[in-house]
Structure formats: C-alpha cells, structure tokens
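Now for the letters of each chain:
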Amino acid sequence: MPRKILCFDCNTGIAGDMTVAALVGLGVPEEVLKNTLYSINIEGLSVIFNKTVTHGFAANAFRVEYPGKHEHHHEEGHHHHHEHRHLADIEALVARGSLTERAKELALRMFRIVAEAEAQAHGIPVEEVHFHEVGAYDSIADIVCVAVAVDWLGVEGAVFRNLTDGCGTIHCAHGDLPVPVPAVVNILAKFGIPLATCEVPTELVTPTGAAIVAALGQGAQLPSQYVIKAVGSGAGEREIGRANVLRAMLLEEAEEPASQSDAVWVLETNVDDSTGEQLAFTAELLLEHGARDVHFAPVFMKKGRPGWLLTVLADEARLAELEGIIFANTTTIGIRRHRCERTCLEREEVTVQTPYGEARAKRVRHGGQTYLYPEYESVRELARQSGKDFKTVFAEIQREVLGI
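Within each chain, residues carry numbers counting from 1 in the order of the written sequence. Local features in this predicted model are restricted to residues whose pLDDT is 70 or higher, and side-chain atom pairs enter the listing and the counts only when it is 80 or higher, whereas totals over whole chains, interfaces and linings include all residues. The basis for every side-chain value is the complete set of heavy atoms in the structure, and neither hydrogens nor water enter the calculation.

S.K.: Could you clarify how one ought to interpret the sheet that holds strand β18 (residues 357-366) in this entry?
M.R.: Strand pairing in a sheet relies on backbone hydrogen bonds, with the paired strands running either antiparallel or parallel. In this description, strands pair whenever DSSP reports at least two bridges between them. In DSSP terms, a helix is any run of H or I states spanning at least four residues, a strand is any run of E spanning at least two, and both are numbered starting from the N terminus. A sheet is described by the order of its strands in space; here three strands give the open sequence β17-β18-β19, paired in antiparallel fashion. Each of the sheet's edge strands pairs with one partner strand only, and the pair in question is β17 (346-354) and β19 (369-374). On average, each strand axis in the sheet is inclined to that of its neighbour by 30 degrees, with strand direction left out of account. As judged from the six bridges shared by β18 and β19, these two strands associate in the antiparallel manner. Counted as the bridge partner of His366 is Gln369 from β19. The contact rule is simple, with two residues in contact once any of their heavy atoms fall within 4.5 Å. Note on definitions: angles span 0 to 180 degrees between N-to-C directions of axes, and those axes are lines fitted to C-alpha atoms, for helices only across the stretch in contact. The sheet strands contacting helix α11 (residues 376-386) are β17, β18 and β19, and the helix crosses β18 at an angle near 150 degrees.

Okay, structure coming up:
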C-alpha cells in the first residue's frame, strides 16, 4: 500500500488544541476522540468541537472544559491547578483508557518528552516534576486525542514545516518566562528541531506542541511525489493579529507512473584486432544471455587503425555475465559502462492470423496514435513459406493488426 504521512505547516507555531482540531479536519471522527477521553474517566472533563473563521480563514477548533478552568487560566498552554500530577499519575490515566497499544505508546512518549524537558528546566528528577501545565486537563486531552487521531489515520510519521515561535515574554505559573519558554527550548535542543522566530510578541510553540513535533517528526520525510488526500486547519485561541492556524495535510506517496521511463546499462569497448567471426559469435552469445541489444559501429582508433565500437544494452543484473562473455570471446582488455535513462513507448506483443499464416508483431502507442511493427522473423518465415515478397507480407500483417 502507498505510504501515508502527515505534513504540518507551523508558520504560526503549534499547540495541542490546534493539532487536535487540524487532525479532525482530516477526517478523524469526533466521537472516536470523545469516547476515548471519556474512557479515561476524569471527572468534569468535556470537550467541544466547532468551526470558526479567523482573519478570513475557515478552521476547526477544539476546546476542553472542566470545573474552574476559567478561574485558573493564565495563558494558552499554561495552567495551574491545586491538584498536581506526576508522570506516574499521567501514565495511570492513559493506561485505564481505551486507547490502542500504538496510541498509548505515542501518548506516553509525548508526556515523557515534556516531563524530561520540565525536569531539566527546574533541575529536578523527572519523577518529581509537578505537571502544572502538561498535567492539566487541557494537555491531557490534547495529547491523548493527538495520539488516538494519528493512530486512527494509520500514518507512518509526520513532517513539520517552518516551525515558528514568537518573541518577548509570557506569564505562567512560574512567573514571566522568555519565549521560547525553557521547556520548549529543551525539547528543540534535545531533538535537533529547527526553529524560526517572528515578531509576534507571545508564545506560539507550547511545550505540548513541541512534544508533538519531537514524538512524530523524527526521521519522517516528504515523499518525492505525493497526493494530498485531505486538508485540515486547526485554530489557536490566541489573537495574534493574523490567522493563527495550523494546517495539516494527509499525504499519500504517489506510485511511480506506469510511465515509460526506465534505465538500462550501456557496455562499450573498442576492438581493432578481433576477427569478424569472433565479433559475430560474441554478439550472438550476448543476445542469448539476456542483452537487450547489441550493435557494432566502425571507428578509427589510435594510429589510424580501423576498428569496431561494440555497444551492449543490458539490465544491471546481467552486467557481470555479459562482461565475461566479451572478455572471453574478443581481444579487448577494458570495458566502459554507464547507466543510461531511456524513454520507451507503450507497447504490447500481439499475434494475428494472416492469409499466409500466424505472425507476431508489436503494437505501439504514442500521442494518441497507434503504430504496428511486424516482427522480422515472422515476416521472413511467412515470405519464404508463401513465396510472397517481404513487403507484401509485412503490409498484410499490419492490416490484420490495425484492422484496416
């Protein structure tokens, strides 16, 4: 099956809620995400999916609701609650949900990425990290939904283009922090994720967003050719003076066109001291052992001696065998070889009945036209058997194949 990957355009950053909304736009059913969240059984948690328009761009939105949310809300992606959770608490929450094994593994990977980044920022062991931000209802819902959605889509990875953060400072549970915030900086540094900055004076890349990039984007690459199967946009909550939208595309690797472009190898050697009999015999052997074509061209070699340029077209798998035949049956001591692209017309082998007997031919198509080339061996054999001349038999085979 063709390979499927996700492609995110992160010109205005990335956050968990934006990612979930964009993935829903790719076709992930809302009910699948809701049912998974409810299976975790966090009291008072509910989620809302809706549509919005931001600065002229239509997008999906994803919001998490829970008791006391608006009393404790500081900034997008940053929350502070009286109930703090450690990584073990988060792992227990995920384990009791109805996630598939792949979705659980992905969710836990994202939580651990954030926990390790926060631990590094605060200089404490990862087990002691209090999840002021990522342990909040919002981020639990974001990470779980992203993991479930990615699993549901059946993709092999994701590419994150133009990851961009803002500038200045942001206020959160730990006070005013520079943008990018320490946890985001630690994640980007650990995973070697490139970042650009813009003049928007606030945070655009949240720790949850950075963890999504780190967990999904390692080793993924855009196919050389692809088909866009779906497009989804997820809106962020913050007003930044322009469309705050994360665009996601579901891509499917395009199969190589049944085009007629392929490659062969060319073997060449100059010979001036082999007899005509040797060269003719060599050509026969080469064709018998799989050469696609063999031909000779007269050349003038050094010191003015006349000779022959032997050229062989072959598949790569045949090269060693065909070179052995040339060395064994001619006087050459060196063979040049190179790979050569070629364009072949669409063709098919056909067999037809003529007044003179059965004949083989090639039917070739190009530019809406059909051409017919009778096989020489068939024309020769029927001409000899029937006593007709070569041109008459050739034309009769063409008429039969083309129906004229």
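S.K.: How should the packing of aromatic side chains be read in this particular structure?
M.R.: Between two aromatic rings, the relevant description is the distance of the centres plus the angle of the planes. Stacked, tilted and edge-to-face are the three classes assigned to paired rings of Phe, Tyr and Trp, where Trp is represented by its six-membered ring and a pair needs centres within 6.5 Å; plane angles under 30 degrees give stacked, over 60 edge-to-face, the rest tilted. By the definition in use, this model includes five aromatic pairs. A centroid spacing of 6.1 Å and a plane angle of 35 degrees characterise the contact between Tyr376 and Phe390, whose relative ring orientation is tilted. Of the two residues, Tyr376 is situated in helix α11 and Phe390 in helix α12 (residues 390-402); the sequence distance between them amounts to 14 residues. Whether a residue is buried, partly exposed or exposed follows from its accessible area with a 1.4 Å probe, protein chains only, as a fraction of its type maximum: under 20%, in between, or over 50%, in that order. Exposure remark for Phe390: the relative accessible area of 37% places this residue in the partly exposed category. Connected via pairs of aromatic rings, a cluster forms that spans Tyr376, Phe390 and Phe394.

S.K.: Which parts of the structure should I look at to understand the packing of helix α4 (residues 87-95) against helix α5 (residues 101-122)?
M.R.: Between two packed helices, the angle of one axis relative to the other and the distance separating the axes together describe the packing. Contact geometry for α4 and α5: axes closest at 10 Å, N-to-C directions at 165 degrees. On the basis of the axis angle, α4 is roughly antiparallel to α5. In the crossing of α4 with α5, the sense of the turn from one axis to the other is right-handed. Every residue of α5 that contacts α4 at Leu87, Ile90, Glu91, Val94 and Ala95 is listed here: Lys104, Ala107, Leu108, Phe111, Arg112 and Ala115. Gly is put with the polar residues, along with every residue not named as nonpolar or charged; the nonpolar set is Ala, Val, Leu, Ile, Met, Phe, Trp, Tyr, Cys and Pro, and the charged set is Asp, Glu, Lys and Arg. By residue class, the composition of the contact of α4 with α5 is eight nonpolar, no polar and three charged. Working rule for angles: under 35 degrees goes down as roughly parallel, over 145 as roughly antiparallel, 65 to 115 as roughly perpendicular, anything else as oblique. In a left-handed crossing the near helix is turned counterclockwise from the far helix by less than a right angle, and in a right-handed crossing that turn is clockwise.

S.K.: Would you mind going over a nonpolar patch on the surface with me for this structure?
M.R.: Nonpolar side chains collect at one region of the surface, where Leu222, Tyr226, Ile228 and Val231 lie side by side and expose about 320 Å² of accessible area between them. Within the secondary structure, Val231 is located in strand β11 (residues 226-235). Candidates for patches are residues over 30% relative accessible area with no salt bridge; among them, like charges are joined within 9 Å and nonpolar side chains (Val, Leu, Ile, Met, Phe, Trp, Tyr) within 5 Å. All accessible areas in this document rest on Shrake-Rupley with a 1.4 Å probe, and a residue is counted as covered only by the protein chains that are shown. Salt-bridge detection follows one rule: a side-chain nitrogen of Lys or Arg within 4 Å of a carboxyl oxygen of Asp or Glu.

S.K.: Would you mind showing me how to read the environment of Glu375 here?
M.R.: Secondary-structure assignment places Glu375 in the loop between β19 and α11. Considering only alpha carbons, one finds Glu375 and Ala359, 16 residues apart in sequence, at a separation of 7.8 Å. Among all residues touching Glu375, those that are not within four sequence positions of it are Glu349, Arg360, Ala361 and Lys362.

S.K.: What should I look at first to understand the packing of helix α6 (residues 137-153) against helix α8 (residues 207-216) in this one?
M.R.: Two numbers describe how α6 lies on α8: the axes approach to 11 Å, and their chain directions differ by 25 degrees. The angle between α6 and α8 places the two elements in the roughly parallel class. At the point where α6 passes α8, the crossing takes the right-handed sense. Side by side, α6 and α8 meet where Ser139, Asp142, Ile143, Val146 and Val150 of the first sit next to Thr208, Ile212 and Leu216 of the second. Considering only residue class, the contact of α6 with α8 consists of five nonpolar, two polar and one charged.

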